[in-house]
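A structural walkthrough
Each chain, letter by letter, is given below.
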Amino acid sequence: MHINTNHQGRGDYDHYAVTASQPLLQFLLANVPQSRSKIKATLQGRGVRVDGKTITQFDYPLQPGMKVAVSKTKRNQQTFKSRWLKIVYEDRWLIVVEKQPGILSMPAGHSSLHVKGVLDDYFHRSKQKCTAHVVHRLDRDTSGLMVYAKDIDTEQMLEHNWHQLVYDRRYVAVLSGEMESDEGTIANWLKDNQAYVTYSSPVDNGGKYAVTHYHVMQRTTDHSLVEFKLETGRKNQIRVHAADMGHPVCGDTKYGNGDDPLHRLCLHAFLLCFTHPVTNKPMEFETSVPTPFRLLFK
């Protein structure tokens, strides 16, 4: 029979009480509302505890009075379906997602579509008492990896120590034209004008100093596939720096040259590595280069 579901502390488990002797798998299939393959995956993935001990054995003998706890985190990721993002990692403190182009990171003006809203809805449906706190942003039309905090303390730790915690962050972009050099660094000052267009200056213009390292992965006579590593994370940094090099990001309506082979901004945040603000463990996430980017270089 199903007893309380707790959401505090180790709150990612559903709890069940055993009333009859039977093998563990049989009990789970009768009591846990998910498919056989998911239940087996949760068992193998060390997501089932009996009387507080993690058990992976299918035929573990249960006795009346024992308590079974089944991890919900695995299941949440499988029941989460959104065309705008996928959950890459989740724990009590934070969530890492990969977003599609076309969705804002957070609410702005009248647009109802933003990652924070999608996550808040998911937290509500999965009965997690938390909301998504924005830590960093990606432009609406940039895709890729982002981390959101689940509570204000974690958000503050991530935000205030962002540059100490994040030790590698890389993007991949399709740039217009054939890049001349294989690698290099662009550094200048970036500042917004009244129309919110960021422009660069080789001397201090009262803006923020920005440093971008680049490395060309593939090129044709028309386009270059380039990896960018940010030393500073300024607004529109890669887009402005790519335009400064004379090879703007394809599909960039703000800083581009009209070259738009994929009908999207060709910028993807593919690598994000940071030290977990609570556990201090290294967290390393990498996604593949979007297939449409790759196909341009076949």
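Now for a quick tour of the structure. (Residues numbered from 1 in each chain as written. Predicted model: local features only at pLDDT ≥ 70, side-chain atom pairs only at ≥ 80, totals over all residues. Heavy atoms only, no water.)

Let's talk about the overall build of the chain
- Within the chain one finds 8 helices and 18 strands.
- By its C-alpha atoms, the chain is 75 × 40 × 35 Å across when sized along the principal axes.
- Here the chain, with 298 residues, has 48% of them falling under the buried criterion.
- Of the roughly 15,000 Å² that the chain leaves accessible, carbon and sulfur atoms contribute 50%. (Helix = DSSP H or I, 4+ residues; strand = E, 2+ residues; numbered from the N terminus. Buried < 20%, exposed > 50% of the residue type's maximum accessible area, 1.4 Å probe, protein only. Areas by Shrake-Rupley, 256 points an atom, 1.4 Å probe, with all protein chains shown as cover.)

With respect to the side chain of S143
- With respect to the helices and strands, S143 occurs in strand β11 (residues 143-149).
- Engagement of the side chain of S143 in a polar contact is seen with the side chain of R264, the distance being 2.8 Å. (Polar contact = N/O pair within 3.5 Å; in protein donor to acceptor, adjacent residues only side chain to side chain.)

Description of the environment of F270
- With respect to the helices and strands, the residue F270 is situated in strand β17 (residues 267-275).
- Note on F270: relative accessible area 7%, which makes it buried.
- For the pair F270 and L145, spaced 125 residues apart in sequence, the C-alpha separation works out to 6.2 Å.
- When near neighbours in sequence (up to four residues on either side) are disregarded, F270 contacts L145, R170, Y171, V172, E227, F285, E286 and T287. (Contact = heavy atoms within 4.5 Å.)

Description of the side chain of H268
- Tracing the chain through its elements places H268 in strand β17.
- Exposure remark for H268: the relative accessible area of 2% places this residue in the buried category.
- Filtering out sequence-adjacent residues up to four positions away, H268 remains in contact with E98, T142, S143, G144, R170, Y171, V172, T287, S288, P290 and F293.

Some points on the packing of aromatic side chains
- One pass over the structure, following the stated rule, counts 6 aromatic pairs.
- Ring centres of Y122 and F123 lie 5.5 Å apart, and the angle between their planes is 45 degrees; on these two criteria the pair is classed as tilted. With respect to class, Y122 is no different from F123; both count as buried.
- Through successive ring pairs, a cluster of aromatic residues spans F80, Y122 and F123.
- The ring of W84 carries R83 above its face, with NZ or CZ at 4.4 Å from the centroid. (Phe/Tyr/Trp six-rings, centres within 6.5 Å; stacked < 30°, edge-to-face > 60°. Lys NZ or Arg CZ within 6 Å of the ring centre and 35° of its normal.)

Description of the pattern of salt bridges
- Per the counting criterion, the structure on display carries 11 salt bridges.
- Notably, a salt bridge pairs D139 with R239, separated by 2.8 Å at the nearest N-O pair. You can see D139 sitting in the loop between β10 (133-134) and β11 and its partner R239 sitting in helix α7 (residues 237-244), a full 100 residues away along the chain.
- Shared partners join several salt bridges into a network, and the residues in it are D168, R170, E227 and K229. (Salt bridge = Lys/Arg side-chain N within 4 Å of Asp/Glu carboxyl O.)

Thoughts on the nonpolar core
- One finds L85, V97, L119, Y148 and V249 to be the most contacted residues of the largest nonpolar core, which totals 45 residues.
- Excluding residues within four positions of it along the chain, L119 makes contact with L85, I95, V97, A132 and Y148.
- In this structure, V18, I55, L62 and M66 belong to the second largest nonpolar core, which totals 17 residues. (Core = buried A, V, L, I, M, F, W, Y, C linked by side-chain atoms within 4.5 Å.)

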